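Structural features, examined
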Amino acid sequence: MKKNTTYAADVLATALAPAIWGSTYVVTTSYLPQGYPLTTAMLRALPAGLLLLMVVRRLPEGIWWFRALVLGALNFSFFWTMLFVSAYRLPGGVAATVGAIQPLIVIVLSRFVLGRPIKALAVLAGLFGMAGVGLLVLTPGAALDPTGVIAGLAGAVSMAFGTVLTRRWTPDVSSLTFTAWQLTAGGLLLVPVALIAEPALPPPTLESLLAFLWLGLIGAAFTYMLWFRGLARIEPSAASSLGFLSPVVATLLGWLALGQVLTPAQLCGFAMVLASVWFSQRVSMPARLDVKVSVEPVTEPAVTPTRPAA
């Protein structure tokens, strides 16, 4: 019973990360200058990573220099680049629906990289969640841009590989240190690309500075510490299904902060997403430990006396 309680606590802590990521769209579109996706991604990752490095005061050793670069590229550099390309070329609903395929990719990758079995119920929950996200965020006039769709799929594959490899390559350090390595590596990889591909940012305002602080300290450092901690404790497929919470929170924030109206289809999608997340966790939950063990009394075997040898 204690193990199940601990697992539930780990799931709730991990779920907080994608829930906070749901605020990224509102913060980015409302308070940051538009048209600087690479620079925004770099400024979100690198300062937070360097700050965490100053706190933990520990650098990678040996093979972990290479692994930190690989994971930083998958989880941050490439993933965030593809995410922004998809967001700029597709309506938000289409981009979110394309990205929602990630849990299914994680299930397949976990089979080949981690040796986890592919559970039909987990696949069904993933498909149900994708359908829920579609109802939640798609609009009737949503257009499909091929480049945007490809970028969205590439980003989902990148994050899926990063999720599975983060579970496989768990170092013997704290989740805070592991987060610092990956954020710093991902941010450094973005620096030359951002400098070459984009012009300089306009002078910052108080709102943009606060937005960058939110995206970097809370939306990156804090949330990814929770995310990588969760990946070390729960199944990758269960963790990736929690990503469905991001469009849910984004839709709720649009309703609360921007005065948007929730349609019956969105309410249905909301319920489907929550059901999918719950079902995915049930499929991956460890077996209960509170199994009753019957103890039978132990009796000494009967001893037949023997006559001494003559």
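Our structure's up above, just so we're on the same page.
Here we summarise the structure given alongside this text. Since this is a predicted model, take the numbers as computed values, not measurements. (Residues numbered from 1 in each chain as written. Predicted model: local features only at pLDDT ≥ 70, side-chain atom pairs only at ≥ 80, totals over all residues. Heavy atoms only, no water.)

1. So, the pattern of salt bridges
Test applied: Salt bridges are identified by distance alone: a Lys or Arg side-chain nitrogen within 4 Å of an Asp or Glu carboxyl oxygen. Labels follow the DSSP assignment, with helices taken as runs of H or I lasting at least four residues and strands as runs of E lasting at least two, numbered in each case from the N terminus. Type-normalised accessible area, obtained with a 1.4 Å probe on protein chains alone, sets the label of each residue: buried when under 20%, exposed when over 50%, and partly exposed for intermediate values.
In this structure the tally under the stated criterion is three salt bridges. Arg229 is paired through a salt bridge with Asp10; the nearest N and O atoms lie 3.2 Å apart. Of this pair, Arg229 sits in helix 10 (residues 206-231) while Asp10 sits in helix 1 (residues 2-21); the two residues are 219 residues apart in sequence, bridging distant segments of the chain. Classification of Arg229 by relative accessible area gives partly exposed; the value is 25%. The partner of Asp10 in a salt bridge is Arg233, with the nearest N and O atoms 3.4 Å apart. Of this pair, Asp10 sits in helix 1 while Arg233 is found in the loop between helix 10 and helix 11 (236-241), placing the two residues 223 residues apart along the sequence. Of the residues examined, Asp10 reaches a relative accessible area of 7% and is grouped as buried. Under the relative-accessibility criterion, Arg233 is labelled partly exposed at 45%.

2. As for the nonpolar core
To keep things clear, this is the line we draw: In this text, buried Ala, Val, Leu, Ile, Met, Phe, Trp, Tyr and Cys residues form a nonpolar core when linked through side-chain atoms within 4.5 Å. The contact rule is simple, with two residues in contact once any of their heavy atoms fall within 4.5 Å.
Counting 51 residues, the largest nonpolar core has Trp80, Phe178, Trp181, Leu183, Tyr224, Trp227 and Phe228 as the members making the most contacts within it. Ranked by residues supplied to this core, first place goes to helix 3 (residues 37-56) with nine residues. Apart from the residues within four sequence positions on either side, Trp227 is in contact with Thr14, Ala17, Pro18, Trp21, Met159, Thr163, Ala239 and Ser240. Core analysis: the next-biggest nonpolar cluster, separate from the first, contains seven residues, Val106, Leu114, Ala156 and Val164 among them.

3. Some words on the packing of aromatic side chains
The criterion, for reference: Put simply, two rings from Phe, Tyr or Trp (the six-membered ring, in Trp's case) pair if the centres are within 6.5 Å, and we call them stacked under 30 degrees between planes, edge-to-face over 60, tilted for the rest.
The final tally for this structure, using the stated rule, is 11 aromatic pairs. Each ring, one from Tyr224 and one from Phe228, has its centre 5.7 Å from the other, and the planes form 45°; the classification is tilted. Highlighted residues: Tyr224 and Phe228, both in helix 10, separated by four residues, approximately one helical turn. For the pair Tyr224 and Phe228, a shared accessibility class is recorded, and that class is buried.

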